Amino acid sequence: MTTTPVALHQTRRLPAWAPWAVLAVSLAVAAAILGIGGTPTVAGVVFLGAIVHVIAVVAVSWQVEGTRWAKDRLATTLVTLAFVLAMVPLVSLIWTVVSGGVRAFSWEFLTTDMVGIFGQMTEGGAYHAIIGTLYVTGIAAVISIPLGIFTAIYLVEYGAGRVKRAITILVDVMTGIPSIVAGLFAFTVFLVLFGPAYKSALIGGIALAVLMTPVVVRSVEEMLRLVPNELREASYALGVPKWLTIVKVVLRTAIAGITTGVMISIARVIGETAPLLITVGITNAVNYDAFDGRIATLPVYVFRQYAQGGASEYRAWAGALTLIIIVMLLNLVARLVSRYFSPKGVR
């Protein structure tokens, strides 16, 4: 039995530092090319350098490692560049908000309202807006999370025929509803019931619930479909009724994904401004009554402060930073909840 000798270039591999060296040379070449016509910009050097890097690293890999590894280098490089490209707006957003918000962000900012603050005064905080945001988002969550989870359970476990198709189409349509339309809907409902003077966090919560519910339905539905049918069949074989199988097996298995989907839906609505401008308005004082009176929210607070300009812009950036911190804390709590309630094999 004879063996075919393996070509030398198919056994050789580039060292781990080689792609980084190629990247450095590519950036230098890009800077030199762009420098011919004037002073190169950072964005231009990075963009042209990325193109040169892809071509160069694939060419070097093809010469040293062979065609197979060159294709692997090409795929790896493209995936890495796509990841870096996706991270650029995220990092830029966080950097912009943090750098703009730290100048006004403090404990006093979190614990004071805007009563008695006029013009370009640097005092004042967003405590009233934080309370309002928690009220409005909490009301939306109380309405949307149970409704969305029960709807998703029906679609996956019970639904069939025309009713299922009708609900699916309705959820798809609701997913694309503009936020201003949801605000007008909630405002019109309460306008008919209580008159034009009525403003409260309840109206804003219902407006956000209209936006939040289809996101919960879609995310929970996908998570429930990922649960293997073998788990359901094993539970049925032991004589467990269907409703208890859903509660003890299906939901427990998918709890991590469900929690993530719920948090995505909350993050989707917590920063909405247009519907809250119509439904809850704005005020400078704290309103602890969620069912009567105007109430401030962080998105509207940021919008109004930034529109005023001057020193108020610092409070706007600080309000945006506060909103991001709230979302991060909610995500942390959600991860702890999903970790605690998930089955041991899924943790």
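Basis of the calculations
Residues numbered from 1 in each chain as written. Predicted model: local features only at pLDDT ≥ 70, side-chain atom pairs only at ≥ 80, totals over all residues. Heavy atoms only, no water. Helix = DSSP H or I, 4+ residues; strand = E, 2+ residues; numbered from the N terminus. Rg over C-alpha atoms; globule rule 2.2 N^0.38 Å. Buried < 20%, exposed > 50% of the residue type's maximum accessible area, 1.4 Å probe, protein only. Contact = heavy atoms within 4.5 Å. Areas by Shrake-Rupley, 256 points an atom, 1.4 Å probe, with all protein chains shown as cover. UniProt positions renumbered as here; feature names shortened; annotations may be inferred. Patch = residues over 30% accessible without salt bridge, like charges linked within 9 Å, V, L, I, M, F, W, Y side chains within 5 Å. Salt bridge = Lys/Arg side-chain N within 4 Å of Asp/Glu carboxyl O. pLDDT = per-residue confidence, 0-100. Phe/Tyr/Trp six-rings, centres within 6.5 Å; stacked < 30°, edge-to-face > 60°. Domains from an automatic or database assignment. Buried area = accessible area lost by both parts, 1.4 Å probe. Polar contact = N/O pair within 3.5 Å; in protein donor to acceptor, adjacent residues only side chain to side chain. Core = buried A, V, L, I, M, F, W, Y, C linked by side-chain atoms within 4.5 Å.

### A closer look at the overall build of the chain
So, point 1. The helix and strand tally for the chain stands at 15 helices and 0 strands.
So, point 2. Here the C-alpha radius of gyration of the chain, 27 Å, is well above what a compact globule of 347 residues would show, namely 20 Å.
So, point 3. Summarising its shape, the C-alpha atoms of the chain cover approximately 90 × 70 × 35 Å along the three principal directions.
So, point 4. Burial analysis of the chain (347 residues in total) assigns 37% to the buried set.
So, point 5. Across the chain, the fraction of contacts at a sequence separation of at least 24, relative to all contacts at a separation of at least 6, is 73%.
So, point 6. When the accessible surface of the chain is split by element, carbon and sulfur atoms take 71% of a total near 19,800 Å².

### Describing the UniProt feature "transmembrane region" (unreviewed entry) in the chain
So, point 1. UniProt's entry tags residues 17–36, 42–62, 74–98, 129–155, 167–194, 200–217, 249–270 and 316–337 with the feature "transmembrane region" (unreviewed entry), counted in the numbering of this structure.
So, point 2. The distance from the first to the last C-alpha atom of residues 167–194 is 30 Å, and the span holds 89% helix and 0% strand.
So, point 3. End-to-end, the C-alpha atoms of residues 200–217 are 26 Å apart, and along that stretch the chain is 94% helix and 0% strand.

### Quick word on a nonpolar patch on the surface
So, point 1. A cluster of nonpolar side chains, namely Phe185, Val189, Leu191, Val192, Leu193 and Phe194, defines an oily patch on the protein surface of about 590 Å² accessible area.
So, point 2. Within the element layout of this structure, Leu193 appears in helix H8 (residues 179–194).

### Quick notes on the pattern of salt bridges
For side chains of opposite charge, pairing can occur when their charged atoms come near one another.
So, point 1. This model, assessed by the stated rule, comprises 7 salt bridges.
So, point 2. Between Glu221 and Arg225 there is a salt bridge whose closest N-O contact spans 2.8 Å. Of this pair, Glu221 and Arg225 both sit in helix H9 (residues 201–225), 4 residues apart, roughly one helical turn.
So, point 3. Here Glu221 falls in the buried class, since its relative accessible area comes to 5%.
So, point 4. A salt bridge links Glu272 to Arg268; the shortest N-O distance between them is 2.5 Å.
So, point 5. Residue Glu272 is classed as buried on the basis of its relative accessible area of 14%.
So, point 6. Shared partners join several salt bridges into a network, and the residues in it are Asp172, Arg218, Glu221 and Arg225.

### Some details on the confidence of the model for the chain
So, point 1. When pLDDT is averaged along the chain, the result is 85; 94% of the residues meet or exceed 70.
So, point 2. Predicted confidence for residues 1–10 stays below pLDDT 50, and this span has 7 contacts to residues more than four positions away or in other chains.

### A look at the packing of aromatic side chains
So, point 1. For the structure shown, the criterion picks out 6 aromatic pairs.
So, point 2. When the centroid spacing of 5.8 Å and the interplanar angle of 25 degrees are considered together, the rings of Phe190 and Phe194 count as stacked. With Phe190 and Phe194 both in helix H8, this residue pair falls 4 residues apart, about one helical turn.
So, point 3. A relative accessible area of 54% means that Phe194 is categorised as exposed.
So, point 4. Seen in terms of ring centroids, Phe190 and Tyr198 are 5.9 Å apart; in terms of plane orientation they differ by 15 degrees. Their pairing is stacked.

### Re the domain arrangement of the chain
So, point 1. We note that the domain assignment places domain 1 (17–100) and domain 2 (111–341) within the chain.
So, point 2. The gap between the C-alpha centroids of domain 1 and domain 2 is 39 Å.
So, point 3. Taken residue by residue, the interface counts 4 residues in domain 1 and 5 residues in domain 2.
So, point 4. When domain 1 packs against domain 2, the two sides together hide about 420 Å² of surface, and 83% of this comes from carbon and sulfur.
So, point 5. Where domain 1 touches domain 2, the interface holds 0 salt bridges.
So, point 6. At the junction of domain 1 and domain 2, the tally comes to 0 residue pairs in polar contact (both at pLDDT 80 or more).

### Quick word on the side chain of Glu157
So, point 1. Structurally, the position occupied by Glu157 is in helix H6 (residues 127–158).
So, point 2. For Glu157, a relative accessible area of 11% gives the class buried.
So, point 3. Within polar-contact distance, the side chain of Glu157 engages the side chain of Arg232 at 2.8 Å.
So, point 4. Among all residues touching Glu157, those that are not within four sequence positions of it are Arg232, Lys242, Ile246 and Val250.

### Description of the nonpolar core
Generally speaking, nonpolar side chains in soluble globular proteins are found buried as a group.
So, point 1. Ranked by internal contacts, the top residues of the largest apolar core, which has 32 residues, are Leu208, Met212, Val220, Leu224 and Ile258.
So, point 2. For this core, the secondary structure elements donating two or more residues are H6, H9, helix H11 (242–253) and helix H12 (255–270).
So, point 3. Examining the composition of this core, we find that 9 residues originate from one element, H9, more than from any other.
So, point 4. Discounting chain neighbours no more than four positions away, the residues touching Met212 are Ala140, Ala141, Ser144, Ile145, Val262, Ser265, Ile266 and Val269.
So, point 5. Within the second largest apolar cluster, 16 residues are counted, among which are Met114, Leu323, Ile326 and Val327.

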